[in-house]
Structures are given as structure tokens and as C-alpha cells.
Amino acid sequence: MIQKSNMHVDGKSDGRAVPTKCPNKSGNPLAEGMEGSRSAEENTEQTTASQTQSWGDALSGLRGVREAAKRDKRLQFTALLHHVSVLLLESSFYALKRDAAPGVDGVTWTEYETGLSERLKDLHSRVHRGTYRAQPSKRAYIPKADGRQRPLGIAALEDKIVQHAVMTVLNQIYEEDFLGFSYGFRPGRRQHDALDALWVGVMRRKVNWILDADIRSFFDEIRHDWLLKFVKHRIADRRILNRVLSGCSSNPNRLRRSFQSRIEFGRYAVANRKERGEGKPETFNFLGFTHICGQTWKTGKFQLLRKTIHQGLSAKLRALKEELRRRRHLSVAELGKWLRSVVQGYFNYHAVPGNLASLRSFRLQVIRRWMRALRRRSQKSRMTWPRLVAIAARWLPQPSILHPYPNLRFDAKHPR
């Protein structure tokens, strides 16, 4: 039998999470008690203390949800929406990317911040009254490394705020249900955490095979009716369910599974394949890196090597070429400043141990494309290669390894 819980946690109402910034004029004792001849400094201190206490209450409520989810893996939560408070909506707003593209409403993060307090109170009221309605997502497409385009739905800003707030509440439950090797879209877990776990697993375990599997167009073709059924195993709050699926439509298509290959891999792969008269072990791609069976140059022991995926590198350079063509009217200094951010951003992700050659190659190719863009400004261009190399030395960062060895970071995050 599935147990149900009226998860108000500590029994308090919605209002406990709403900060009292100024007295209302309804004549109640709270309003009267805040009036008088207190100094502005005292009022500020009391307002800050009230906000801190309210946020502390909100966090305490979320912790209570998580503890209940941990205690009983079959518990259904029937009352969760009251955790979506004004303070949680505010926290969700500031968690969004400030320079993200606007949705169909055209409202940017900066514009919404003007009068934020009143906007969030109104949004909170609409959510809890049941009058909030999600707007359609704006469709955009981003290029993939294989030449295809990935569809992207850009939600309106208020929808992003509500989605983030609801996600924060639901994470308290599902973070207790997910398994340790699950990394996708989980708070506090990045792509490099998954890469570290894979590296440690291959290096420390007796791995002989890698199953390289993929589900094509997963988010496009997932059955939303089945998704709702799985959510209902834990969530019985109809208001939350309505908001979770407010932007979902029924999709009868079935997932198209594509099991690409089974790859012989690991510390014994080279010897086993050599014994059978076969060539080198195959490689596989994962999260931007090609994984290769290699060996250390000192001892010849097995070493899992990672190189930037060639197709991804080429796609990045093609996109850079097009953007340089649009920006080539800018001054050398402006181009240098922009390219520095591009190169540094690339290094921040790809600068893992053993990938230095790929970093050097990327930087060199960026300089070459910069050279072509500058020369196409005029047929009498005086830009020479030695001169541009000197300019690039000023603006573009030198390649260096920025990430620690995977086992060091993994062991630090998962001490035994």
C-alpha cells in the first residue's frame, strides 16, 4: 500500500515564507506594531531579520520534504505547492541566466528585475489561485556536430521562474530516489563529474566492454502520458502535476532506440585483440571527448586517454568562421577581446589532462581564421602572419591544463 503524506512539514501556512517588508494598512496588530517612531536603521535591521527568518523557514520546509522522501521510498506527497513561496520564486529568478534569449513575451531578465518584488508577488498569487498559465515556448534550432539541428524550446521568463521553483521542490524528492551513477540534469552534478566517474570506473574496474548506446530525439518523442504516470508514483498534488505538465502535449510516438555498437575496451583489450590477430581497440565518444585505450609513456601501463572529438572541434571552428565574418568590421582590439572569451571558454571545458595537443590545435586554427578575416577587409591589407601571432599572444590565452586528474577530483567528492 502506498502511503500518502500531507507534506506541510511543520504545519505552517503559505504566508510564513513571504517576507514582511512594510506594514499593511488593514489595521491589524502587526501593522500597528510596526508603526511608530523607530529609526530607519532599526526598520532595515528588522526587515532583514524577517527575510532571513522567512528564508530559513522555507529551507527548513524543503529539508523536511527531503527527509520524508528519504525515510519512505513509497511515500506520495499530496501537498507541495505551498513550498513555492515568493522567496523561492525570487531565488529561482536570480538563478536564471541574465543574458538568456527571451521567450515569446520578449521580456528579458533585466526588464523583469525592474519592480521585481511586485512582479513576484503577483506571480505567486496567480500560481496559488490557479490562474497562472504557461505561455507557448519559442522554437529555435542550434546546430549539432553531425550537421543536424537540435530543436530548442525557449520559455517565457515567468515560466522559467515557475519551472525552476517547482523543480527545486521536486528535486528534494527525486534526489533521494536517483541512483549514484545518474548525472543528467541533476543539481551539483556537471558533465565533468560524469567524465570523472567514467574514467575512474574504467581505470579501477575490470572493464572489458563498453556499450555505446543512444536514444534518438529523446525529449522530442518521449511519451508524456507515461512520464506523468511515473511522476504520480511520488507526486499526488494535483496543482503541482498541472504545472509540471502545463507545457506538455500528448505524444503517441515511441522512442527510437539506437544501440550503436559494443566496443571491446579496457586494460586487457589491446592484448586480447592482439592475440586474436585484430587491430587496435575501437574508441568511443562521450560528452565532447573521444576515449582511447592508451598507455603511459614511462611504464607502458594502461591509461584511458581523452581527446576532443574531431567533429566537435570542426563544428566549433566553422561556427567561429561565420561569426568572424559578421564581426570583421570591428577593430583588432575588439576582435581580440571577443576571441579571448571564445578561446578561454573552450579551454575551460576541454583542458583536461592528456588533451593539450587539441588545445594547441584549436588556438592555432583560431589565429588562422582571424588572419583570413582581417585580410578580407581590404585587398591592400598589411597584416602579416608574424604580426598577427604577436597580437594573438596579447589577446589569446595559452593552452594549459585546467582540470585535475579525474581520480583526484572523484576521490575528493566521494571519499571512502
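The model shown is predicted, which means the values in this text are computed figures rather than measured ones.

## Examining the overall build of the protein
Within the protein one finds 16 helices and nine strands. For the protein, the share of sequence-separated contacts (at least 6 apart) that also reach a separation of at least 24 residues comes to 70%. If you sum the accessible surface of the protein, you get close to 25500 Å²; carbon and sulfur atoms cover 52% of it.

## Here we look at the pattern of salt bridges
Under the defined criterion, the tally for this structure stands at 18 salt bridges. Between Glu-278 and Arg-273 there is a salt bridge, and its shortest N-O distance comes to 3.6 Å. Between Glu-323 and Arg-326 there is a salt bridge whose closest N-O contact spans 2.5 Å. Here the residue Glu-323 and the residue Arg-326 both occupy positions in helix H12 (residues 310-327), the gap between them amounting to three residues, near one helical turn.

## What about the sheet that holds strand S9 (residues 302-308)?
Within the open sheet, the three strands sit side by side as S7-S8-S9. Their pairing is antiparallel. Two strands bound the open sheet, and with one partner strand each, they are strand S7 (284-286) and S9. Here the strands of the sheet are splayed against their neighbours by 40° on average, with no regard to which way each runs. Two strands pair when backbone bridges link them, and S7 and strand S8 (residues 289-295) are joined in this way by three bridges, in the antiparallel orientation. What sits directly across from Asn-285, in S8, is Thr-290.

## Some points on the layout of surface pockets
A volume near 340 Å³ is recorded for the second largest pocket. Around the second largest pocket sit 19 residues that line it, and Val-270, Pro-281, Cys-293, Gly-294 and Gln-295 are the ones nearest its centre. Of all elements in the fold, only helix H11 (269-275) and S8 reach the threshold of two or more residues within the lining of the second largest pocket. Partitioning the lining of the second largest pocket into residue classes produces six nonpolar, six polar and seven charged.

## Quick look at helix H13 (residues 332-350)
Counted at 1.5 Å a residue, the expected span for H13 with its 19 residues is 27 Å, and the 26 Å between its end C-alpha atoms agrees. For H13, the set of buried residues is Leu-335, Gly-336, Trp-338, Leu-339, Val-342, Val-343, Tyr-346, Phe-347 and His-350. If you follow the buried residues of H13, they end up packed against S8, S9, H12, helix H14 (356-375) and helix H15 (385-395).

## Here's the deal with the packing of aromatic side chains
Considering all chains together, one arrives at nine aromatic pairs under this definition. Geometrically, the ring pair formed by Tyr-94 and Trp-109 is edge-to-face, given 5.7 Å between the ring centres and 70° between the ring planes. Here Trp-109 lies in helix H4 (residues 109-113) and Tyr-94 lies in helix H3 (residues 86-95), a separation of 15 residues in the sequence. With a centroid separation of 5.1 Å and 75° between ring planes, the pair formed by Phe-265 and Phe-284 is classed as edge-to-face. You can see Phe-265 sitting in the loop between strand S6 (256-264) and H11 and its partner Phe-284 sitting in strand S7, a full 19 residues away along the chain. Exposure remark for Phe-265: the relative accessible area of 1% places this residue in the buried category.

## Some thoughts on the nonpolar core
Among the nonpolar cores identified, the biggest contains 34 residues, and Phe-77, Leu-80, Tyr-112, Leu-120, Leu-123, Ile-161 and Ile-235 are the most heavily contacted of them. Secondary structure elements with two or more residues in this core: helix H2 (40-71), H3, H4, helix H5 (116-129), helix H6 (157-174) and helix H10 (238-244). With nine residues, the top contributor of residues to this core is H6. Other than its neighbours up to four places away in sequence, Ile-161 contacts Leu-89, Ser-92, Phe-93, Leu-96, Tyr-112, Leu-120 and Leu-123. Listed in part, the 27 residues of the second largest apolar core include Val-342, Val-343, Leu-359 and Ala-373.

## Observations concerning unusual backbone geometry
Across the chain, the bulk of peptide bonds are trans and the bulk of non-glycine residues have phi less than zero. If you check the backbone angles, Phe-185 has positive phi at about 55° while not being a glycine. The topology assignment puts Phe-185 in the loop between H6 and helix H7 (191-204). Judged by its relative accessible area of 78%, Phe-185 falls in the exposed class. For Leu-287, which is not glycine, the phi torsion reads 50° and is therefore positive. Mapped onto the fold, Leu-287 is located in the loop between S7 and S8. The exposure class of Leu-287 is partly exposed, given its relative accessible area of 34%.

## Structural notes on H6
Taking 1.5 Å per residue, 18 residues should reach 26 Å; H6 reaches 25 Å between its end C-alpha atoms and fits that length. Here H6 lies mainly inside the structure; 15 of its 18 residues are buried.

## Focus on the packing of H12 against H13
For any two helices packed against each other, the geometry comes down to the angle between their axes and how far apart the axes lie. Where H12 contacts H13, the two axes come as close as 12 Å, and the packing angle between them is 165°. By the angle between their axes, H12 is roughly antiparallel relative to H13. Relative to H13, the crossing made by H12 is right-handed. Between H12 and H13, the residues in contact are Leu-313, Lys-316, Leu-320, Glu-323, Leu-324 and Arg-327 and Leu-335, Trp-338, Leu-339, Val-342 and Tyr-346, respectively.

## Section: a positive patch on the surface
On the surface, Lys-321, Arg-368, Arg-372 and Arg-376 cluster together into a positively charged patch. Looking at where Lys-321 falls in the secondary structure, it is placed in helix H12. Taking relative accessible area as the criterion, Lys-321 reaches 45% and is therefore assigned partly exposed.

Here is what the cut-offs are and how they apply
Residues numbered from 1 in each chain as written. Predicted model: local features only at pLDDT ≥ 70, side-chain atom pairs only at ≥ 80, totals over all residues. Heavy atoms only, no water. Helix = DSSP H or I, 4+ residues; strand = E, 2+ residues; numbered from the N terminus. Contact = heavy atoms within 4.5 Å. Areas by Shrake-Rupley, 256 points an atom, 1.4 Å probe, with all protein chains shown as cover. Salt bridge = Lys/Arg side-chain N within 4 Å of Asp/Glu carboxyl O. Pairing = 2+ DSSP bridges. Axes fitted to C-alpha atoms, helices over the stretch in contact; angles between N-to-C directions. 1 Å grid on protein atoms, 1.4 Å probe; cavity = no way out; pocket = protein on both sides within 12 Å on 5 of 7 lines; lining within 4 Å. Points joined across faces, edges and corners; volume = space filled by probe spheres on them. Nonpolar A, V, L, I, M, F, W, Y, C, P; charged D, E, K, R; others polar. Expected span 1.5 Å × (residues − 1). Buried < 20%, exposed > 50% of the residue type's maximum accessible area, 1.4 Å probe, protein only. Phe/Tyr/Trp six-rings, centres within 6.5 Å; stacked < 30°, edge-to-face > 60°. Core = buried A, V, L, I, M, F, W, Y, C linked by side-chain atoms within 4.5 Å. Parallel < 35°, antiparallel > 145°, perpendicular 65-115°, else oblique. Left-handed = near helix turned anticlockwise from the far one by under 90°. Patch = residues over 30% accessible without salt bridge, like charges linked within 9 Å, V, L, I, M, F, W, Y side chains within 5 Å. Lys, Arg positive; Asp, Glu negative; His and termini not counted. Charge placed at Lys NZ, Arg CZ, Asp CG, Glu CD.

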